[in-house]
Amino acid sequence: MDETSKQHRRRPHYSGKYPRRFEEKYKEQDPERYADEIEHVISKGNTPAGMHIPIMVDEILDFLQVQPGQIGLDCTLGYGGHSSKLLERLEGKGHLYSIDYDPIEIEKTTRRLREKGFGDEIWTPVSDNFRNIDRISEKYGPFDFVMADLGVSSMQIDDPSRGFTWKADGPLDLRFNPQKGESASRRLAGMSRDDIEDMLRENSDEPYAGEIADAIHKVYWRRQSIETTGQLRAVVEEALEGTKSLAKLPKKDLDELKKKSLARVFQALRIDVNQELEVLEEFLDKLPSALKSGGRAAILTFHSGEDRLVKKSFKSLEKAGVYREAARDVIRPSREEYFRNPRAHSTKMRWAVKA
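Here the structure is a predicted model, which is why all the values come from computation and not from measurement.

A. Main features of the packing of aromatic side chains. Applying the stated rule across the entire model yields 6 aromatic pairs. Here F314 and Y323 contribute two aromatic rings whose centre-to-centre distance is 5.4 Å and whose plane-to-plane angle is 80 degrees, an arrangement assigned as edge-to-face. A relative accessible area of 3% places F314 in the buried class. The class for Y323 is buried, based on a relative accessible area of 2%. In this structure, R112 is placed above the aromatic ring of Y79, and the distance from its NZ or CZ to the ring centre is 3.7 Å. The aromatic ring of F63 is capped on one face by R296, whose charged end is 4.9 Å from the ring centroid.

What follows is the structure, encoded as structure tokens:
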């Protein structure tokens, strides 16, 4: 094909003054080139598309007390925000290992951190699930410090093709690793009505779990399917609109209730698809053996189910003498961070020090 016959493809441009669709937000997805645009988005209390703002960085660094020459582990690499700050504290001495189960994002973040100057001699990305911390520790540890940010990365939430958000239509997938396990659509298709209700109650405390479970199960009873996020959203909204106790609610209040229920439904399904609570329990059981004596561990949680597991593990292992010390109370983000990053609102930090 000669040059004259090639079609010129334009970059997608903003529709109107501000972009709405993920693929139109090309400036937000290129922070090196459009730094002013990124800062403008963040200053308004929003997270740029395709980017993740690390949460409670100062609190984590204050607790971990990272020193040059130490060996550390970031169990949840994500966008690389926490790993970058930990690497800066190492000052080119020691080593940091960073785990990520998402094959799409680990490739992007590895390229990003290499461009920042963090080479093989100081940093190693590890493509694995942090439930396998024992296997990772046998190869690279034990560690002076370990951290885990259990929140879903903004890059995953914002990209409709990953299926994590109800706000845009896309395949109902929700897997951290799209190459392994069952997608959310297949998972739902194989669940009974009671299984769906239990999942919604246990993973997100959804108050209308019964009504939503009835509506989802009815779709499959009719030999239909739910393949996209938009289809699941429609089923949930119809279930709530048909709930007698909500019939007299003003439209504004009902719309707000729908948003909250949709967020909980997608959270519950994501937790189930990725076995998040089972993975966390396994990780917490193996964590002490991955730490050196005096090693420090900090974990950020984002919903009550996660926090209960971390609190229970740290408390029981402290009582057993495995941990020398553990957090009595949770540490929360500052008021300034709440404004700058709304996704920090539900964050809780707990920590422990190995005996």
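There's plenty left to go through after this.
B. Main features of the environment of G78. Mapped onto the elements of the fold, G78 is located in the loop between β1 (71–74) and α3 (81–90). Along the backbone, G78 and E105 are 27 residues apart, and their C-alpha atoms lie at a distance of 6.6 Å. Here G78 is in contact with D100, E105, T109, S153 and M155, once residues within four sequence places are set aside.

C. Quick peek at helix α10 (residues 229–241). Helix length check: α10, at 13 residues, gives a terminal C-alpha distance of 18 Å against a target of 18 Å (1.5 Å per residue), a fit within 8%. For α10, the set of buried residues is T229, L232, V235, V236, E237, A239 and L240. The inward-facing, buried residues of α10 contact α7 (184–189), α9 (209–221) and α11 (251–273).

D. Representation of α11. With 23 residues, α11 ought to run about 33 Å at 1.5 Å a step, and its terminal C-alpha atoms sit 32 Å apart, in line with that. Of the residues making up α11, those classed as buried are L254, L257, K258, S261, L262, V265, F266, A268, L269, R270, I271 and V273. Turning to α11, the residues buried within the fold contact α7, α8 (193–204), α9, α10 and α12 (276–290). Two residues or fewer after α11 comes Q275, characterised by a positive phi angle close to 50 degrees.

E. How the structure looks around the packing of helix α2 (residues 57–64) against α3. At their nearest, the axes of α2 and α3 sit 11 Å apart, and the two run at 40 degrees to each other. Compared by their axis directions, α2 and α3 come out oblique. The two elements α2 and α3 cross, and the hand of that crossing is right-handed. Side by side, α2 and α3 meet where V57, I60, L61 and L64 of the first sit next to H82, K85, L86 and R89 of the second. Looking at the contact of α2 with α3, its residues break down into 5 nonpolar, 1 polar and 2 charged.

F. Structural detail: the side chain of D173. Assignment of secondary structure puts D173 in the loop between α6 (154–158) and α7. A polar atom in the side chain of D173 sits 2.8 Å from the side chain of R175. D173 has contacts with R162, G163, P178, S183, A184 and V273, leaving out every residue within four places of it along the chain.

G. Structural detail: the pattern of salt bridges. Going through the model one piece at a time under the given rule, you end up with 24 salt bridges. With a shortest N-O distance of 2.7 Å, R114 and D120 are connected by a salt bridge. D144 serves as the salt-bridge partner of K292, at 3.3 Å between the closest nitrogen and oxygen. Here K292, found in strand β5 (residues 291–301), pairs with D144, found in strand β4 (residues 143–149); they are 148 residues apart in sequence, far enough to count as distant. Its relative accessible area of 18% is what places D144 among the buried residues. The network of salt bridges with shared partners includes R193, D194, E197, R201 and D214.

H. A look at the confidence of the model for the protein. Residues with a pLDDT of 70 or more make up 85% of the protein, whose mean pLDDT is 87. Looking at the elements of the protein, mean pLDDT is at its lowest for helix α1 (residues 35–43), recorded as 50, and at its highest for β1, recorded as 98. Of the regions scoring below 50 in pLDDT, residues 1–6 engages in 1 contact with residues more than four places distant in sequence or in other chains. Considering only residues more than four positions removed or in separate chains, one finds that residues 40–45, a stretch of pLDDT under 50, has 12 contacts.

The rules behind the values
- Residues numbered from 1 in each chain as written.
- Predicted model: local features only at pLDDT ≥ 70, side-chain atom pairs only at ≥ 80, totals over all residues.
- Heavy atoms only, no water.
- Phe/Tyr/Trp six-rings, centres within 6.5 Å; stacked < 30°, edge-to-face > 60°.
- Buried < 20%, exposed > 50% of the residue type's maximum accessible area, 1.4 Å probe, protein only.
- Lys NZ or Arg CZ within 6 Å of the ring centre and 35° of its normal.
- Helix = DSSP H or I, 4+ residues; strand = E, 2+ residues; numbered from the N terminus.
- Contact = heavy atoms within 4.5 Å.
- Expected span 1.5 Å × (residues − 1).
- Axes fitted to C-alpha atoms, helices over the stretch in contact; angles between N-to-C directions.
- Parallel < 35°, antiparallel > 145°, perpendicular 65-115°, else oblique.
- Left-handed = near helix turned anticlockwise from the far one by under 90°.
- Nonpolar A, V, L, I, M, F, W, Y, C, P; charged D, E, K, R; others polar.
- Polar contact = N/O pair within 3.5 Å; in protein donor to acceptor, adjacent residues only side chain to side chain.
- Salt bridge = Lys/Arg side-chain N within 4 Å of Asp/Glu carboxyl O.
- pLDDT = per-residue confidence, 0-100.

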